[in-house]
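Each chain, letter by letter, is given below.
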Amino acid sequence: MTRNLCALALAALALAGIAAASPSATPGVTSSTITLGSSGPLTGEAAAAAGVLRGAEGYFKYVNARGGVNGRKIDFKYLDDGYDPSRTVQNVRQLIQQDDVFALFSVVGTTGNLAIRDFANASGVPTVFSAAGATTLGRDYVKYPWTIGYLPPYGEEGELYAKHILATNAKKAKIAVLYQADDYGKDVLAGFRRGPRRKGAHDDRADGRLRPDGVRRPVAVAQLKASGANTFCIFAFGKFAIQSFVYANKLGWKPQIYVNDVASASSIMQLTPRSTAEGAISIVWGKDPATPQFKSDPGTALAAKIIKKYIPGGNPSDGFLTAGMAEAFTMVDALKAAARTSRGRA
């Protein structure tokens, strides 16, 4: 937590320049606009996450219609990378070198954020509130002072699942893990392995039956079922998580399932076989608008109004849209605070 706060403080100092510098001296800032840039999967297998950027855009439009931030309107430019980190790098180079953005905001995905942070930090352009929970984004703030994430660290998320299993089924749980074979999946898995364990349990946490989430997903799920596991952890995103549920359902396998947060949104879970998804366990750190308990919540009610007015075709129950709005709210709040800090120092 302390490391994350330090990283936030460094990012805030960078943002403070928006009010302290003259418009001509601050890239991406004029007397009337603040230009922010981003990259994410608008198309492809991870396109569900496009809702994060669309939600942020909708919130910025809402803020602009009310006068913007200290009299400046937010110009938000985001580009499609198809969840391909090489394309994320190309997009970020364009946003920094051609579009002259003030900051990168809500760049989607662990691999994309890791691919761009050397260049962005060398360029002195803040990468603020990334739509990723990679543990390194908070941990390595000294090396990458211009980068800060937004989501809770994936490593800590993995630890929470391990703690829950130990607390609820320590003696009987036989665990199988299917993880996305990239920096994201490995981060959650590493945290899971760091979690508490039964006395005498194997260090690999799954009796050696860990399999990467790749082109052999059906085979991997079948092998994990054959292991006799009664607890199945799915550490993968969107389509990949859905397919894991589908394969388990086809095999008639009914373990206790744990699914990572980024695949637990109602909009994704509704696409999975109910007989398999029912009773799955995940964490929650934000308000899912599709959850009945938040039906009358003022925040989700406002989000629904913004979606209806500023996001054509948007579904008020889409948790990705509201997640993007939450990040945009935080960005707007940071910009306002930066102006207040600047005036206070003056």
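Structure first, text after, so check above.
Conventions used here
Residues numbered from 1 in each chain as written. Predicted model: local features only at pLDDT ≥ 70, side-chain atom pairs only at ≥ 80, totals over all residues. Heavy atoms only, no water. Helix = DSSP H or I, 4+ residues; strand = E, 2+ residues; numbered from the N terminus. Buried < 20%, exposed > 50% of the residue type's maximum accessible area, 1.4 Å probe, protein only. Contact = heavy atoms within 4.5 Å. Pairing = 2+ DSSP bridges. Axes fitted to C-alpha atoms, helices over the stretch in contact; angles between N-to-C directions. Core = buried A, V, L, I, M, F, W, Y, C linked by side-chain atoms within 4.5 Å. Expected span 1.5 Å × (residues − 1). Bend = angle between axes of the 7 residues up to and from the residue. Phe/Tyr/Trp six-rings, centres within 6.5 Å; stacked < 30°, edge-to-face > 60°. Lys NZ or Arg CZ within 6 Å of the ring centre and 35° of its normal. Salt bridge = Lys/Arg side-chain N within 4 Å of Asp/Glu carboxyl O.

Enquirer: I keep staring at the overall build of the protein chain and nothing clicks. Help me out?
Expert: Scanning the protein chain from terminus to terminus reveals 13 helices and 9 strands. For the protein chain, the proportion of its 346 residues judged to be buried stands at 51%. Residue pairs in contact within the protein chain that sit at least 24 positions apart in sequence constitute 69% of those at least 6 positions apart.

Enquirer: Looking at this model, I keep getting lost on the environment of Thr 276. Mind explaining?
Expert: Relative to the helices and strands, Thr 276 is located in helix 11 (residues 274-277). On the basis of relative accessibility, which here comes to 8%, the residue Thr 276 falls in the buried class. Counting along the chain gives 19 residues from Thr 276 to Ile 257, while the straight-line C-alpha distance between them is 8.4 Å. Residues in contact with Thr 276, not counting those within four places in the same chain, are Phe 245, Ala 248, Asn 249 and Ile 257.

Enquirer: Just to check I follow, could you spell out the sheet that holds strand 5 (residues 147-149) for this structure?
Expert: In a beta sheet, neighbouring strands pair by backbone hydrogen bonds and run either parallel or antiparallel. Taken in spatial order, the 5 strands line up as 2-1-3-4-5 in an open sheet, and their pairing is parallel. Looking along the sheet, the strands with just one partner apiece sit at the ends: strand 2 (73-80) and strand 5. Neighbouring strand axes in the sheet, compared pairwise and without regard to direction, differ in orientation by 20 degrees on average. Two strands pair when backbone bridges link them, and strand 4 (residues 127-130) and strand 5 are joined in this way by 2 bridges, in the parallel orientation.

Enquirer: Looking at this structure, how should I read the nonpolar core?
Expert: Inside soluble globular proteins, nonpolar side chains tend to come together where they are buried. Formed by 81 residues in total, the largest nonpolar core has its most connected members in Leu 36, Phe 60, Phe 105, Phe 192 and Phe 232. It is helix 13 (residues 319-345) that provides the largest number of residues to this core, a total of 8 residues. Apart from the residues lying within four places of it in its own chain, the contact partners of Phe 232 are Ala 176, Leu 178, Val 221, Leu 224, Ser 244, Ala 248, Trp 253, Pro 255, Gln 256, Ile 257 and Tyr 258. In terms of nonpolar packing, the next biggest core, distinct from the first, is built from 10 residues, Leu 95, Val 107, Phe 119 and Ala 120 among them.

Enquirer: Just to check I follow, could you spell out helix 6 (residues 154-169) for this structure?
Expert: Every α-helix carries 3.6 residues per turn, so stepping three or four residues along brings you back to the same face. In a regular helix each residue adds 1.5 Å, so 16 residues correspond to 22 Å; helix 6 covers 22 Å between its end C-alpha atoms and thus fits that length. Where helix 6 is concerned, the buried positions are Tyr 154, Gly 155, Glu 157, Gly 158, Tyr 161, Ala 162 and Ile 165. Among the structural elements, helix 4 (110-123), helix 5 (135-139), strand 6 (175-180), helix 7 (183-194), strand 8 (231-235) and strand 9 (256-259) are those in contact with the buried residues of helix 6.

Enquirer: Looking at this structure, how should I read helix 4?
Expert: Here helix 4 spans 20 Å end to end across 14 residues, near enough to the 20 Å set by a 1.5 Å rise per residue. The principal kink in helix 4, of about 45 degrees, is found at Arg 117. Those residues of helix 4 lying buried are Thr 110, Thr 111, Gly 112, Asn 113, Ile 116, Arg 117, Phe 119, Ala 120 and Asn 121.

Enquirer: Just to check I follow, could you spell out the environment of Arg 54 for this structure?
Expert: Along the chain, Arg 54 falls in helix 2 (residues 50-64). In sequence terms Arg 54 and Tyr 78 are 24 residues apart; their C-alpha atoms lie 9.3 Å from each other. The contacts of Arg 54, once residues within four sequence positions are left out, are Tyr 78, Ile 311, Pro 312, Gly 313, Gly 314 and Leu 321.

Enquirer: Help me understand the environment of Lys 239 in this model?
Expert: One can find Lys 239 in helix 9 (residues 238-250). Note: C-alpha distance between Lys 239 and Thr 272 (33 residues apart in sequence) is 9.8 Å.

Enquirer: Help me understand the packing of aromatic side chains, please; the structure alone is not making it clear to me.
Expert: Between two aromatic rings, the relevant description is the distance of the centres plus the angle of the planes. According to the stated counting rule, one finds 15 aromatic pairs in the structure shown. Taking the centre distance of 5.2 Å and the plane angle of 40 degrees together, the rings of Phe 76 and Tyr 78 count as tilted. Their ring planes at 85 degrees and their centres at 4.7 Å tell us that Tyr 154 and Tyr 184 sit as a pair that is edge-to-face. Of this pair, Tyr 154 sits in helix 6 while Tyr 184 sits in helix 7, and the two are 30 residues apart along the sequence. By the burial criterion, Tyr 154 is buried, and Tyr 184 matches it. Following the ring pairs from residue to residue traces out a cluster consisting of Phe 60, Phe 76, Tyr 78 and Phe 105. It is Arg 93 that lies over the ring of Phe 119; its NZ or CZ is 4.2 Å from the centre.

Enquirer: What is the right way to look at the pattern of salt bridges in this model?
Expert: Two side chains that carry opposite charge are able to pair once their charged atoms sit near each other. Within the structure shown, the criterion is met by 5 salt bridges. Between Asp 140 and Arg 139 there is a salt bridge; the shortest N-O distance is 3.3 Å. The partly exposed category is assigned to Asp 140, whose relative accessible area is 23%. One salt bridge in this structure joins Glu 159 and Arg 194, with 3.4 Å as the shortest N-O distance. Of this pair, Glu 159 sits in helix 6 while Arg 194 sits in helix 7, placing them 35 residues apart in sequence. Owing to a relative accessible area of 21%, Glu 159 belongs among the partly exposed residues under this scheme. Looking at Arg 194, the relative accessible area reads 49%, which means it is partly exposed.

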